[in-house]
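# Residue-level structural notes
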Amino acid sequence: MMTVNNITISKTTSKKEKPDQTQLGFGQYFTDHMFILDYTEGKGWHDPRIVPYQPITLEPSAMIFHYGQTVFEGMKAYLSEDGDIHLFRPEKNIQRLNRSNDRMRIPEVDETLALQAIKELVKVDADWVPSEPGTSLYIRPYIISTEPFLGVAPSKHYKFMVILSPVGAYYKEGINPVKIAVENEFVRAVKGGTGEAKTAGNYASSLKAQALVASQGYAQVMWLDGIEKKYIEEVGSMNVFFKIDGEVVTPELNGSILEGVTRNSVMELLKHWGITVTERKITVEEIFEAHKNGKLEEAFGSGTAAVISPIGTLAWDGKEIVINDSKTGEVSKKLYDTLTNIQYGKETDVFDWIVKLER
Ligand SMILES: *Cc1c(COP(=O)(O)O)cnc(C)c1O
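Analysis parameters
- Residues numbered from 1 in each chain as written.
- Predicted model: local features only at pLDDT ≥ 70, side-chain atom pairs only at ≥ 80, totals over all residues.
- Heavy atoms only, no water.
- UniProt positions renumbered as here; feature names shortened; annotations may be inferred.
- Near = heavy atom within 4 Å.
- Polar contact = N/O pair within 3.5 Å; in protein donor to acceptor, adjacent residues only side chain to side chain.
- Areas by Shrake-Rupley, 256 points an atom, 1.4 Å probe, with all protein chains shown as cover.
- 1 Å grid on protein atoms, 1.4 Å probe; cavity = no way out; pocket = protein on both sides within 12 Å on 5 of 7 lines; lining within 4 Å.
- Sits in = over half its atoms within 2 Å of the grid points.
- Nonpolar A, V, L, I, M, F, W, Y, C, P; charged D, E, K, R; others polar.
- Helix = DSSP H or I, 4+ residues; strand = E, 2+ residues; numbered from the N terminus.
- Buried < 20%, exposed > 50% of the residue type's maximum accessible area, 1.4 Å probe, protein only.
- Contact = heavy atoms within 4.5 Å.
- Domains from an automatic or database assignment.
- Buried area = accessible area lost by both parts, 1.4 Å probe.
- Salt bridge = Lys/Arg side-chain N within 4 Å of Asp/Glu carboxyl O.
- Axes fitted to C-alpha atoms, helices over the stretch in contact; angles between N-to-C directions.
- Parallel < 35°, antiparallel > 145°, perpendicular 65-115°, else oblique.

In the annotation of an unreviewed UniProt entry, the protein is listed under the name Branched-chain-amino-acid aminotransferase and assigned to Paraliobacillus ryukyuensis. Quoted verbatim from the Sequence similarities (unreviewed entry) field of the UniProt record, the comment on the protein reads "Belongs to the class-IV pyridoxal-phosphate-dependent aminotransferase family." Looking at the Cofactor (unreviewed entry) heading of the UniProt record, one finds this comment for the protein: "pyridoxal 5'-phosphate".

Following this line, the structure appears as structure tokens:
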């Protein structure tokens, strides 16, 4: 056992066999270690430790099982050309974790400790960062409420954990645009609700709509605002962008949209390239109108998993439009290439987004 930056590290004595890097998929394999930090009311967060990946024991009455007081994050570690391990803007994820915590009444975590924990854990499991093109090590930090109590109240105990999962290339055969259906009945989130927070309930409540459109041949739903069902909010669990008549637009943050790190990075890149990008309200009607007038040039989702996911077909109200002949648009492609090149260290990191793990 050793201690690094106040984090106790106990290494496993039996390392697992590594999975085939060409068959990783998403979130199916877990590395040899995990990070745990406990919270006890009166004492605060305590006992940061890296231990062998293992099951945890909770009381059946633990609050997480009943009222869903929990938050999570999603980010990746990339193996660069020269063998370095890169994190992409990890401080943004940790800041967002604390914004989610605030909404879910979970005590704030020390951002320096959280980043240190992620770095140390990835270093301990560095041999799990895959090297095949497009692969990465997915990092899942999350907090659960663990107090054994059935009252509806904030828990007095929590566990902050980080687990790691080697994941495959999102696009094995090159980027391919997907079919999306605008969701008119179910909503993901509503202003005043928890849409801005990365919290489990938002995803549980999205499954029914997702399953219904999947049965009709669509990859994902496009979510509308929960009040007027007029304004576009997100696509699946990604933020969304449209290129109309040379200008890029994305829904403005309104309290129910999750603010993506990729969304922010896309906007920074577009500005850097001199392409106007505007955050504003966007109606579905406007998108269909722009398509009719030949002005809808591209549409894509953005998120850590896919980076950029072009929308080839959009269905709404019995109509279906095909965007850019269902081909990946020029700007979508350039964003995808630039972001992934920066992540894998193939292109100059002009924005200082990469955090290199010291070896
Ligand atoms: C995580 C997430 C995103 C994308 O965020 P990134 O930080 O870019 O990965 C967008 N929408 C929802 C609902 C999400 O959960």
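Next comes the rest of the description.
Glancing now at the site of the ligand. What surrounds the ligand is a group of 14 residues, the closest being Lys198, Tyr203, Glu234, Thr262 and Thr304. Lys198 has a polar side-chain atom sitting 2.7 Å from an oxygen atom of the ligand. One of the side-chain N or O atoms of Thr262 is found 2.6 Å from an oxygen atom in the ligand. Against a free-state accessible area of 380 Å², the protein chains account for coverage of 95% of the ligand. The site holding the ligand turns out to be the largest pocket. Counted by class, the shell around the ligand contains four nonpolar, six polar and four charged residues.

Before going further, it helps to spend a moment on the side chain of Ser256. When you line up the elements, Ser256 lands in the loop between β14 (247–251) and α6 (261–272). Overall, the relative accessible area of 1% leaves Ser256 in the buried class. Setting aside residues up to four positions removed in sequence, Ser256 forms contacts with Arg188, Ala189, Val190, Lys191, Gly195, Glu196, Glu233 and Glu234.

Turning next to the domain arrangement of the protein. Under the domain assignment, the protein is made up of domain 1 (2–167) and domain 2 (178–343). Between domain 1 and domain 2, the C-alpha centre-to-centre distance is 28 Å. If you look at the interface, domain 1 gives 19 residues, while domain 2 gives 19 residues. Contact between domain 1 and domain 2 buries roughly 1700 Å² in total, counting both sides, with carbon and sulfur atoms accounting for 56%. Our count for the contact surface shared by domain 1 and domain 2 stands at one salt bridge. Glu259 is the salt-bridge partner of Arg99, the closest N and O atoms lying 3.6 Å from each other. The interface formed by domain 1 and domain 2 contains 12 residue pairs in polar contact (both at pLDDT 80 or more). In terms of residue count, helix α2 (residues 90–103) provides more of the side of domain 1 that touches domain 2 than any other element does, six residues in total. Residues belonging to the side of domain 1 that touches domain 2 are distributed by class as follows: six nonpolar, six polar and seven charged.

Once that is clear, we can look at the packing of α6 against helix α8 (residues 330–343). What describes two packed helices is the angle between their axes and the distance between those same axes. Running from N to C, α6 and α8 point in directions that differ by 110°, and their axes come no closer than 11 Å. One element, α6, and the other, α8, form an angle in the roughly perpendicular class. Residues Thr262, Ser265, Val266, Leu269 and Leu270 of α6 touch α8, and the partners they reach there are Val331, Leu335, Thr338 and Leu339. Split into classes, the residues belonging to the contact of α6 with α8 amount to six nonpolar, three polar and no charged.

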